[in-house]
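The residues making up each chain are set out below.
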Amino acid sequence: MKILLVSQMYPGSADPDLGVFVAQMERALRDRGHEIELAVLDRRGGGKRRYLELRRRVRRAGRPDVVWAHFLVPSGLIAAGVDAPLVVTAHGRDVRNIGAIPGVAALTRRVVRRASTVIAVSDYLRRELELKIADARGKTEVVDSGVDLARFRVLPRANGEGPAFVCVGSLTERKNVVRLADAFARLGKGSLTFVGDGPLRARLEGRDNVTLAGRVPHDEVLRFLAAADVVCAPSLLEPFGQSILEAMASGRTVVATRVGGPPEFVPPEAGILVDPLDDEELARALDAATAFPVPNDAARAAAAEHDLSLQAERVEQILLRASRDRRA
């Protein structure tokens, strides 16, 4: 099957952490024997004008059996112009933009009506999309981004004084990183490492026992997870929670938000879910999480239910169905 993959986020040399969840599923589908042509943006900069470049890349692409777009708008909207069946995956921000940015609701409705199937990466996100766009009801399926169990393997904890806390993600308000740093300070023991960058970096610099590692390639995340006792992701909202799943696959206990997708895959033995706005609850969770085993076999077992190969097979069936329906 010839697949045209369209995405506004894809890892590149300047931004190796951008859209890694797209690239890993692409590789899994290639491994299953499919031919995939990319029409993607692999850098963060460029503003809205970069979407003109994405449109040009889509127009230059060969004719596929099916188009698979990531993000409803703008990628899905651009991909909708291709004369081929369309499957589009919603990842979170694209759903949050509906109603928040003028005109996005109408554009999203157009994409959803055009699509053979809409994939949501969590049941939480499916409900949000169907609440905002009635046309999504009955044509949305839940398939998360999965985790590469061979890449994110269980490693013994790296040497160092504990407890060691790690947070992987952008340093933004949504990721709740300042509240996490404040809760860690209240705990008064161990170390906290942030892997990622963003506008709140200045509010985290200079804190005792806090390290800012900056952005790193996806392949390097594993060594930070290996150095952790607990991986933290107390986001204000997490549509799915890719870094949480990767931490669990690495055999690490998590402290994660209960708002969004994490309650769908984090069982009690794998970690603690918190109200991201409750400072005291977050501090207590950090402390309690240090009593979990390292490595945490229960976390690994829970993550294995979301093996990348299983999720790729589910996406494959959706793409094949869309292609067959067009030929019928």
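Below you will find a few notes about this structure.

Cut-offs used in this document
- Residues numbered from 1 in each chain as written.
- Predicted model: local features only at pLDDT ≥ 70, side-chain atom pairs only at ≥ 80, totals over all residues.
- Heavy atoms only, no water.
- Disulfide = S-S within 2.5 Å.
- Buried < 20%, exposed > 50% of the residue type's maximum accessible area, 1.4 Å probe, protein only.
- Helix = DSSP H or I, 4+ residues; strand = E, 2+ residues; numbered from the N terminus.
- Polar contact = N/O pair within 3.5 Å; in protein donor to acceptor, adjacent residues only side chain to side chain.
- Contact = heavy atoms within 4.5 Å.
- Core = buried A, V, L, I, M, F, W, Y, C linked by side-chain atoms within 4.5 Å.
- Pairing = 2+ DSSP bridges.
- Right-handed = clockwise from strand over helix to strand, strands pointing away.
- Axes fitted to C-alpha atoms, helices over the stretch in contact; angles between N-to-C directions.

### Focus on the state of the cysteines
Part 1 of the reasoning: The full count for this structure, using the stated rule, is zero disulfides.
Part 2 of the reasoning: Here Cys167 stays free of any disulfide, with the sulfur of Cys232 as its closest cysteine sulfur at 6.6 Å.
Part 3 of the reasoning: Its relative accessible area of 4% is what places Cys167 among the buried residues.

### Focus on the side chain of Gln242
Part 1 of the reasoning: Its location among the elements puts Gln242 in helix H9 (residues 242-249).
Part 2 of the reasoning: Only 2.8 Å separates the side chain of Gln242 from the backbone oxygen of Gly146, close enough to count as a polar contact.
Part 3 of the reasoning: Here Gln242 is in contact with Phe21, Gln24, Ser145, Gly146 and Val147, once residues within four sequence places are set aside.

### Concerning the nonpolar core
Part 1 of the reasoning: Leu4, Val6, Val67, Leu72, Leu129, Ile244 and Met248 are the most contacted members of the largest nonpolar core, which has 60 residues in total.
Part 2 of the reasoning: In terms of residue count, the dominant contributor to this core is H9 (five residues).
Part 3 of the reasoning: Among residues more than four places away in sequence, those in contact with Leu72 are Leu77, Val88, Thr89, Ala90, Asp94, Val95, Thr108, Val111, Val112, Val118 and Leu129.

### Digging into the pairing of strand E5 (residues 117-120)
Part 1 of the reasoning: Along E5, one buried face is formed by Thr117 and Ile119 and the opposite face, lined by Val118 and Ala120, is buried too.
Part 2 of the reasoning: The sheet contact formed by strand E4 (residues 86-90) and E5 spans four bridges and is parallel. Paired with Ala90 across the bridge in E5 is Ala120.
Part 3 of the reasoning: Of the pairings in the sheet, the one linking E5 to strand E6 (residues 140-142) comprises three bridges and is parallel in character. Opposite Ala120, over in E6, you have Val142 as the bridge partner.
Part 4 of the reasoning: You can see the chain leave E5, run along helix H6 (residues 123-132) and come back into E6, and the turn it takes is right-handed.

### Comments concerning the sheet that holds strand E10 (residues 230-233)
Part 1 of the reasoning: Spatially, E9-E8-E7-E10-E11-E12 is the arrangement adopted by the six strands of the open sheet, whose pairing is parallel. Edge strands, defined here as strands with exactly one partner in the open sheet, are strand E9 (210-214) and strand E12 (271-274). Going from strand to strand, the sheet's axes swing by 20° on average, the running direction of each strand aside.
Part 2 of the reasoning: Where strand E7 (residues 164-168) lies against E10, two bridges are found, and the strand directions are parallel. Residue pairing across strands places Phe165 opposite Val230, the latter belonging to E10.
Part 3 of the reasoning: Contacts from helix H7 (residues 177-187) reach E7, strand E8 (191-195), E9 and E10, with the element oriented near 165° to E8.

### Topic: the sheet that holds E6
Part 1 of the reasoning: With respect to topology, six strands assemble into an open sheet ordered E2-E1-E3-E4-E5-E6, the strand pairing being parallel. A single partner strand is all that each edge strand has here, and the edge strands are strand E2 (35-40) and E6. Adjacent strand axes in the sheet meet at a mean angle of 25° when their direction is disregarded.
Part 2 of the reasoning: Sheet contacts for H6: E4, E5 and E6; angle to E6, the most-contacted strand, approximately 165°.

### Examining the pairing of E8
Regular strands have side chains that alternate between both faces of the sheet.
Part 1 of the reasoning: The buried fraction of E8 amounts to four of the five residues, a majority that puts the element mostly inside the structure.
Part 2 of the reasoning: Bridging between E7 and E8 involves five bridges; their strand directions are parallel. Looking at the pairing, Ala164 lines up with Ser191 of E8.
Part 3 of the reasoning: Handedness of the crossover joining E7 and E8 through H7: right-handed.
Part 4 of the reasoning: Bridging between E8 and E9 involves four bridges; their strand directions are parallel. Paired with Val195 across the bridge in E9 is Gly214.

The values are spatial; any link to function lies outside them.
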